Amino acid sequence: MPSYKFPEGFKWGSATSAHQIEGDNHNDWTEWETSKLRVESLKLKGLDPNNFISGKACDSYNRYEEDFDIAKSLGHNIHRFSIEWSRIEPEEGKFDSDAMNHYIGLVKALRERGIEPMITLWHFTNPTWFSKLGGFLNSRSSTYFTRYARYVVDNLKNDINLWITFNEGTTVYPGMAYLKGIWPPEYKNIFQAFKVRNNIIKSHILAYQEIKKIYSLLEAEPSLEVQP
């Protein structure tokens, strides 16, 4: 019977999104989870709204080292996680260095365990200030996102070789939020869905260019992969 072997250096790992695991976030999703419209909608379905609030989640923001110990015990050698934009830039144009240092520590913890970090810059959630400006319906949304991406990448450029700009930003998000209207901001408008999709594509392009520019300034450019 033939035996098959994965190639040397094959990447085994797992992936997470900040809002689903960190706990105690404050973004457009946390506000939506307790909104009157959302609560009434769940009650009409016979569901308890309290069961649909992220809350502390699994408190990975504080317990990430335990999580990474488990990942290492499972033989993982790569881990993809997302950075919560609302933590990094809680107010428009004001960056939180403590939040950034948290993610720097998270990357260090992965490296110490021999696990390659891969970062997603956006995984469905937005800062509340950005959401109030229209989110990715705003014509300046790509400027806002690129500014955030620049700050994060500039702080982690020496430790990260793998970046993902958006998680399903051009497919799932426009569809769920602006076609089906079951994710915040719960709009049902095909024209808005296409506008959001186009603005996310523009945001990806600008962020991609910014990442390449930052790495080109390093003395030795690392192996770099940037995906939408």
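Residues numbered from 1 in each chain as written. Predicted model: local features only at pLDDT ≥ 70, side-chain atom pairs only at ≥ 80, totals over all residues. Heavy atoms only, no water.

Asker: I'd like a rundown of the nonpolar core, residues and numbers included.
Answerer: Within the largest apolar cluster, 49 residues are counted, with the highest numbers of intra-cluster contacts made by Phe145 and Trp163. Those residues in contact with Phe145 that lie beyond four places of it in its chain are Trp85, Leu121, Trp122, Phe136, Thr165, Phe166, Ser203 and Ala207. (Core = buried A, V, L, I, M, F, W, Y, C linked by side-chain atoms within 4.5 Å. Buried < 20%, exposed > 50% of the residue type's maximum accessible area, 1.4 Å probe, protein only. Contact = heavy atoms within 4.5 Å.)

Asker: Could you give an account of the pattern of salt bridges, with specific residues and numbers?
Answerer: Scanning the model with the defined rule gives eleven salt bridges in all. The partner of Arg63 in a salt bridge is Glu66, and the shortest N-O contact between them spans 3.0 Å. Within this pair, Arg63 and its partner Glu66 are both found in helix H4 (residues 60–73), separated by three residues, close to a single helical turn. You can call Arg63 partly exposed: its relative accessible area is 41%. (Salt bridge = Lys/Arg side-chain N within 4 Å of Asp/Glu carboxyl O. Helix = DSSP H or I, 4+ residues; strand = E, 2+ residues; numbered from the N terminus.)

Asker: Any details on the packing of H4 against helix H6 (residues 97–112)? Residues and values, ideally.
Answerer: Between two packed helices, both the angle of their axes relative to each other and the distance between the axes serve to describe the pair. At a minimum axis distance of 10 Å, the contact between H4 and H6 shows a crossing angle of 5°. Comparing their axes, H6 and H4 come out roughly parallel. For the pair H4 and H6, the contacting residues are Tyr61, Tyr64, Glu65 and Phe68 in the first and Ala99, His102, Tyr103, Gly105, Leu106, Ala109 and Leu110 in the second. Of the residues belonging to the contact of H4 with H6, the class tally is eight nonpolar, two polar and one charged. (Axes fitted to C-alpha atoms, helices over the stretch in contact; angles between N-to-C directions. Parallel < 35°, antiparallel > 145°, perpendicular 65-115°, else oblique. Nonpolar A, V, L, I, M, F, W, Y, C, P; charged D, E, K, R; others polar.)

Asker: Account for the environment of Phe194, naming residues and giving values.
Answerer: Summarising the element assignment, Phe194 is placed in helix H10 (residues 190–216). As for Phe194 and Ala18, which are separated by 176 residues in sequence, their C-alpha atoms are 26 Å apart.

Asker: Requested: an account of the pairing of strand S3 (residues 116–122), with residues and values cited.
Answerer: Most of S3 is tucked away: seven of the seven residues are buried. Judged from the five bridges that link them, strand S2 (residues 78–82) and S3 form a sheet pairing that is parallel. Residue pairing for S3: Ile78 is matched across the bridge by Glu116. The sheet contact formed by S3 and strand S4 (residues 162–166) spans four bridges and is parallel. Paired with Met118 across the two strands is Leu162, which belongs to S4. (Pairing = 2+ DSSP bridges.)

Asker: Can you lay out the packing of H6 against helix H8 (residues 141–156) for me, pointing to particular residues and giving the numbers?
Answerer: One way to put it is that H6 packs onto H8 with a least axis distance of 10 Å and a crossing angle of 45°. Taken together, the axes of H6 and H8 are oblique relative to one another. Regarding H6 and H8, the two cross each other, and that crossing is right-handed. Contacts between H6 and H8 pair Ser97, Met100, Ile104 and Val107 from the former with Tyr151, Val152, Asn155 and Leu156 from the latter. When the residues that make up the contact of H6 with H8 are grouped by side-chain class, the tally is six nonpolar, two polar and no charged. (Left-handed = near helix turned anticlockwise from the far one by under 90°.)

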